Amino acid sequence: MALPEEFHEIAGRVNNWGRWGADDEIGTLNLVTGEVVRRAVGEVRTGHRVPLALPLRQDGVQTGMIPGRVNPLHAMVQVNQELFGPGTVACSDDAVTMGLQAGTHWDALTHVSHSGKLYNGRPARTVTAHGGAEFSGIDKVRHLVSRGVLLDVARARGMDRLAGGHAVTPEDLAAAEEFGRVRVRAGDIVLVRTGQTQVYLAGDKHGYGYPSPGLSVRCPEWFHARDVAAVANDTLTFEIFPPEIENLWLPVHALHLVEMGMLQGQNWNLEELSTACGETGRYAFLLSAMPEPFVGATGTPVAPVAVF
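Residues numbered from 1 in each chain as written. Predicted model: local features only at pLDDT ≥ 70, side-chain atom pairs only at ≥ 80, totals over all residues. Heavy atoms only, no water.

This paragraph deals with the pairing of strand 12 (residues 263-266). Side chains Leu263 and Gly265 of strand 12 all project onto a buried face; the interleaved residues Gln264 and Gln266 project onto the opposite face, where all are buried too. Looking at chain direction, strand 4 (residues 105-107) and strand 12 are connected through three bridges and run antiparallel. Following the sheet pairing, histidine 105 is matched in strand 12 by glutamine 266. (Buried < 20%, exposed > 50% of the residue type's maximum accessible area, 1.4 Å probe, protein only. Helix = DSSP H or I, 4+ residues; strand = E, 2+ residues; numbered from the N terminus. Pairing = 2+ DSSP bridges.)

What follows is the structure in structure tokens.
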């Protein structure tokens, strides 16, 4: 089924192809300049740190809905083994098999395509079974530290958690800005809290994934207008699921990753961050969210930390 005209109209308004040159592979991360990072460091006052990653565990958030995206399978390959003979120092080593997008993660710009194209107009066929992503693999993101901003949409609406059918709108984002007395600016990493992670933390992994609140197809234009560098939230699918427009699956993924060239992240645990922001009255902070440099990968685990 062809993508509807409504999608293509939005795509035309947010498209960044060629904005940073025909060879660009990192999209809106070009907005994270040295000056942006220098100003972001100014958000650090107390040194209080808040971790934002869910634990990587075998009974993690994945339910099998997405083929091949397995929760981490952890195995010990050495246990107190004296490698150099009896009485020498003993070693223990681990190995893990997992989907790179299984837990708290970034989607690379090559994670989705539409109409046969990836970001900057490259052919979708440049992602191959044996080589992965020829262009814009997650390894091209060599560092990611910037000012983070929490848009706590749930708290701004006077709720602990948004209902499963709630599509987060640009109006919600603006209301969360006002609630936090903060202004999103160019080069920021925006974190959108719905409260949905609470469902997973309470033990209902199926309810966490479906039905889920998430971003509306109208939000990419808001992020584009603000020159946001990257966006992450606390849900499995990022956008509202099931979709707000019947049979239009993952349109926000396509608009962010393909059209804008903007990283997006899922399964971020924003609960402790929400508490910290509420207690301090500060909704901006220094955010370190470094991708693991898997060459050619279309996503990566990440263990983000907010520093106040």
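With that settled, consider the pattern of salt bridges. Applying the stated criterion across every chain, the model contains 16 salt bridges. The partner of glutamate 25 in a salt bridge is lysine 140, and the shortest N-O contact between them spans 2.7 Å. Residue glutamate 25 is found in the loop between helix 1 (5-14) and helix 2 (34-41), and its partner lysine 140 is found in the loop between strand 6 (132-133) and strand 7 (145-152); the two are separated by 115 residues along the sequence. A salt bridge links glutamate 35 to arginine 39; the shortest N-O distance between them is 3.8 Å. Highlighted residues: glutamate 35 and arginine 39, both in helix 2, separated by four residues, approximately one helical turn. Arginine 39 sits in the partly exposed class, given a relative accessible area of 34%. It is possible to trace a salt-bridge network through shared partners that takes in Asp152, Arg155, Asp160, Arg193 and Glu271. (Salt bridge = Lys/Arg side-chain N within 4 Å of Asp/Glu carboxyl O.)

With that settled, consider the side chain of threonine 110. Mapped onto the secondary structure, threonine 110 falls in the loop between strand 4 and strand 5 (127-128). Threonine 110 gets classed as buried once you look at its relative accessible area, which sits at 6%. When neighbours within four sequence positions are excluded, threonine 110 is seen to be in contact with Leu118, Val127, Ala133, Phe135, Ser136, Gly137, Ala297 and Thr298. (Contact = heavy atoms within 4.5 Å.)

Structurally, a disulfide amounts to a covalent bond that connects the sulfur atoms of two cysteines. In total, this model carries zero disulfides according to the counting rule given. In this model cysteine 219 remains outside any disulfide bridge; the closest cysteine sulfur is found in cysteine 277, 19 Å from its own. (Disulfide = S-S within 2.5 Å.)

It is worth spelling out the packing of helix 7 (residues 219-226) against helix 8 (residues 251-260) at this point. Contact pair helix 7 / helix 8: the axes reach a minimum separation of 9 Å and the direction vectors enclose 30 degrees. Here helix 8 runs roughly parallel to helix 7, going by the angle between their axes. Between helix 7 and helix 8, the contacting residues are Pro220, Phe223 and His224 on the first element and Val252, Leu255, His256 and Met260 on the second. Each residue belonging to the contact of helix 7 with helix 8 can be placed in one class, and the counts come to five nonpolar, two polar and no charged. (Axes fitted to C-alpha atoms, helices over the stretch in contact; angles between N-to-C directions. Parallel < 35°, antiparallel > 145°, perpendicular 65-115°, else oblique. Nonpolar A, V, L, I, M, F, W, Y, C, P; charged D, E, K, R; others polar.)

What follows is about the packing of aromatic side chains. Following the criterion strictly, the structure yields seven aromatic pairs and no others. Relative to tyrosine 208, the ring of tyrosine 200 lies with its centre 5.8 Å away and its plane at 45 degrees, an arrangement referred to as tilted. Residue classification places tyrosine 200 among the buried residues on the basis of a relative accessible area of 11%. Summarising the aromatic geometry, the rings of tryptophan 222 and phenylalanine 223 are spaced 5.7 Å apart at their centres and angled 85 degrees between planes, so their arrangement reads as edge-to-face. With a relative accessible area of 11%, tryptophan 222 lands in the buried category. Look at phenylalanine 223 and you get buried, because its relative accessible area is 0%. Taken together, the ring pairs connect Tyr210, Phe241 and Trp249 into an aromatic cluster. When the ring centre of phenylalanine 135 is taken as origin, the NZ or CZ atom of arginine 122, which lies over that ring, is 4.3 Å away. (Phe/Tyr/Trp six-rings, centres within 6.5 Å; stacked < 30°, edge-to-face > 60°. Lys NZ or Arg CZ within 6 Å of the ring centre and 35° of its normal.)

To continue, consider unusual backbone geometry. Cis rather than trans, the peptide bond between tyrosine 210 and proline 211 has omega equal to -10 degrees. Tracing the chain through its elements places proline 211 in the loop between helix 6 (205-209) and strand 10 (214-215). In this structure, the amide linkage connecting phenylalanine 241 to the following residue, proline 242, adopts the cis form with an omega of 5 degrees. Within the secondary structure layout, proline 242 lies in the loop between strand 11 (230-233) and helix 8.

Read these as spatial facts, not as claims about activity.
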